[in-house]
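# Tertiary structure, described
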Amino acid sequence: MAMQQMKLLGSLMAIGGLAALTSGTAVADMAKAEATAMEHAELATKGDDVAAVHRHLHHVLNCLVGDKGEGFDASMGNPCSATGGAIPQTSDAKMKMKLEKAAKEARMGIANDDFEAAKKAAMDVQMALKKK
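These lines cover the structure that appears in this document, whether it is placed above or below. (Residues numbered from 1 in each chain as written. Predicted model: local features only at pLDDT ≥ 70, side-chain atom pairs only at ≥ 80, totals over all residues. Heavy atoms only, no water.)

### Some words on the overall build of the protein
When you go through the protein residue by residue, the secondary structure sums to five helices and zero strands. The N-to-C order of helical and strand elements in the protein reads α-α-α-α-α. Here the contacts in the protein between residues at least 6 apart in sequence split such that 61% fall between residues at least 24 apart. With the model as given, the accessible surface of the protein reaches about 7800 Å², and the carbon-plus-sulfur share is 62%. (Helix = DSSP H or I, 4+ residues; strand = E, 2+ residues; numbered from the N terminus. Contact = heavy atoms within 4.5 Å. Areas by Shrake-Rupley, 256 points an atom, 1.4 Å probe, with all protein chains shown as cover.)

### Overview of the packing of helix H2 (residues 50-65) against helix H5 (residues 115-130)
It is the contact of H2 with H5, at a shortest axis distance of 9 Å, that shows an interaxial angle of 30°. When the interaxial angle is binned, H2 and H5 end up roughly parallel. Regarding H2 and H5, the two cross each other, and that crossing is left-handed. Contacts between H2 and H5 pair Val50, Val53, His54, Leu57, Val60 and Leu64 from the former with Phe115, Ala118, Lys119, Ala122, Val125 and Leu129 from the latter. Of the residues contributing to the contact of H2 with H5, the split by class is 10 nonpolar, one polar and one charged. (Axes fitted to C-alpha atoms, helices over the stretch in contact; angles between N-to-C directions. Parallel < 35°, antiparallel > 145°, perpendicular 65-115°, else oblique. Left-handed = near helix turned anticlockwise from the far one by under 90°. Nonpolar A, V, L, I, M, F, W, Y, C, P; charged D, E, K, R; others polar.)

### Some remarks on the state of the cysteines
As enumerated under the stated definition, the model contains one disulfide in all. Between Cys63 and Cys80 runs a disulfide, and the two sulfur atoms are separated by 2.0 Å. Measuring the twist about the S-S bond at about 85°, one finds the Cys63-Cys80 disulfide to be right-handed. Here the residue Cys63 occupies a position in helix H2, and Cys80 occupies one in the loop between H2 and helix H3 (86-89), the gap between them amounting to 17 residues. (Disulfide = S-S within 2.5 Å.)

### Comments concerning H5
With 16 residues, H5 should cover 22 Å at 1.5 Å per step; its first-to-last C-alpha distance of 23 Å lies within 8% of that length. When H5 is considered as a whole, its buried residues turn out to be Ala118, Lys119, Ala121, Ala122, Val125, Gln126, Ala128 and Leu129. (Expected span 1.5 Å × (residues − 1). Buried < 20%, exposed > 50% of the residue type's maximum accessible area, 1.4 Å probe, protein only.)

### Things to note about helix H4 (residues 93-111)
In this model H4 runs 27 Å from its N-terminal to its C-terminal C-alpha over 19 residues, within 8% of the 27 Å that 1.5 Å per residue would give. Along H4, the residues classified as buried are Met95, Lys98, Leu99, Ala102, Ala103, Glu105, Ala106, Gly109 and Ile110. The buried residues of H4 all sit within an arc of 160° when viewed along its axis, so they share a single face. More than 90 degrees from the buried face of H4, the exposed residues found are Ala93, Lys94, Met97, Lys104 and Ala111. (Arc of directions from axis to C-beta.)

### Overview of the pattern of salt bridges
For the coordinates displayed, the defined rule picks out six salt bridges. Lys98 is the partner of Glu34 in a salt bridge, and the nearest nitrogen-oxygen pair spans 2.8 Å. Taken together, the residues span a long stretch of sequence, with Glu34 in helix H1 (residues 2-45) and Lys98 in helix H4 at a distance of 64 residues. Side by side, Glu34 and Lys98 carry an identical accessibility label, which is buried. For the salt bridge of Lys101 with Glu105, the shortest nitrogen-to-oxygen distance reads 3.7 Å. Residue Lys101 and its partner Glu105 are located together in helix H4, separated by four residues, close to a single helical turn. A relative accessible area of 41% means that Lys101 is categorised as partly exposed. Assessed through its relative accessible area of 14%, Glu105 is described here as buried. (Salt bridge = Lys/Arg side-chain N within 4 Å of Asp/Glu carboxyl O.)

Laid out in structure tokens, this is it:
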């Protein structure tokens, strides 16, 4: 009986360690996805034409929402393919609101074919991501 209890305890400890590792990995992936989204928001603000702005805003959106999120477009490229997207990985309500606001701004910029308006949306995305 004591041997079974020790095996069970060992299994539970292993599961707990795996959960902690998975949780730490998710936090790191979320932070990486957010940082990459920020990088592409900045690139979008520097785009020379509306296509460049849209491309980088798609990268932002893909990094934020992940491959199952609203507006995800694999054909535009996904610099965050290994991270799974920042929004699905955060459980912090304030952070989720910040990221969702940035995603909404990115969608608006992508939908706008006017160069100046798309660039303004890119600046709005960048500002939304900078907020603490």
